[in-house]
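Report on the structure
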Amino acid sequence: LEVADRIGMPEAGAGAQGDGRGAARGGSESKAASMAVSKRRWDLLRAALLNKEVDLNEFSDVTTKGRLADLGLIRKERIRSGDGHVLVRYELPGGSGLTLKQCDGSKVRVASLAELRTGKDDADRTGIVTVWPSEEALAYLCCRRPEAFEGKAVLELGAGLGLAGLAVAASTNAKLVVLTDGNAEAVERLRENVEANRDKFGDTEVRCEKLDWSPSPGLRPAQFDLVVGADLVYQPELYGPLADAIASLCSPAGGECWLVCPNRNEGWGAWETEAKVRELRVKGKSGWGVPAELEGSCGRWSGSKADYPHLLVLEKER
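Being a predicted model, the structure only gives us computed values, none of them experimental.

Glancing now at the sheet that holds strand 11 (residues 280-282). Spatial ordering of the open sheet is given by 8-7-6-9-10-12-11, a layout of seven strands whose pairing is mixed. The sheet is open, and its two borders are formed by strand 8 (205-210) and strand 11, each paired with just one other strand. Strand-to-strand twist of the sheet, defined as the mean angle between neighbouring strand axes without regard to direction, takes the value 25 degrees. Sheet topology note: the strand 6 (residues 153-157)/strand 7 (residues 176-181) ladder contains four bridges and is parallel. Bridge assignment links Val154 to a residue of strand 7, and that residue is Val177. Of the strands in this sheet, strand 6, strand 7 and strand 8 are in contact with helix 5 (residues 163-171), which crosses strand 7 at around 170 degrees.

Right, dumping it as structure tokens:
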């Protein structure tokens, strides 16, 4: 906390006074605004550590969650809250319902700096922060295309809270659904959510595995008819490992991959290059696009179209 107090953030107006030797006024104002945002984020961290609990609504101007709205594709209702978590019921297209345990989106609780860290062999914890828009879009799309999962073995990469994979288990006649994540805490949350909804899956086998996009002893390569994932194309250094995982897990006998992602860091083209190297090809004539099932929601989207979740379907070359 002493370090946070002594961090010495520059005052918001620093550098704005010009004497002909500094930057132009417009650049100074932009720099001042950027420093003001940085100071607000340090305030958020300090408040979390001092007070243990922070209402994120007070910091909505400088947090991603404050600027994110769900897509309105799946109806949801908070049914219980406590101890920093909420139970949320999702009404899936077709009538099935799921109950997920997730973080309270309006508050953040931090007991210590150690709580913010991940294990050295863990992926980050972003998947269990909330149900991100791309996950909602993927879950909705899977529910609208149940025939694609009939009798199939399905794996979700980077499942987070598991909405999409659990939607497949509850709304289709898939043979097997495996939910995976690279973060141990996320896998534990996935297991909780699987058990809470076990009675919704019928004859579909559902299980969870820790998978960090590298070979896993618990998963036999090339056994999945369909690999799905949401918001996975965002870190360039992970494009190759992600492509390797998909190529390894997809069955060579018609295996497919559905990715639903916004164009973060304009990474779509670079990702497709990595996929082609692994003999994964784009199915059909088009690449990333908004499927017909999502066009209505896209029309109501307030952000840029590049930030809206798009679908890419890949197939393994035979």
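With that settled, the discussion passes to the sheet that holds strand 4 (residues 97-103). Strand order in the open sheet made by the three strands is 2-3-4, with antiparallel pairing throughout. Pairing within the sheet leaves two strands with one partner each, and these edge strands are strand 2 (75-82) and strand 4. For this sheet the average axis-to-axis angle between neighbouring strands, irrespective of direction, equals 25 degrees. Judged from the seven bridges that link them, strand 2 and strand 3 (residues 85-91) form a sheet pairing that is antiparallel. Within strand 3, the position partnered with Lys76 by the bridge is Tyr90. Sheet strands touched by helix 5: strand 3 and strand 4. Its angle to strand 4, the strand with the most contacts, is close to 160 degrees.

Rules of the game
- Residues numbered from 1 in each chain as written.
- Predicted model: local features only at pLDDT ≥ 70, side-chain atom pairs only at ≥ 80, totals over all residues.
- Heavy atoms only, no water.
- Pairing = 2+ DSSP bridges.
- Helix = DSSP H or I, 4+ residues; strand = E, 2+ residues; numbered from the N terminus.
- Axes fitted to C-alpha atoms, helices over the stretch in contact; angles between N-to-C directions.
- Contact = heavy atoms within 4.5 Å.

Purely geometric numbers; function is a separate question.
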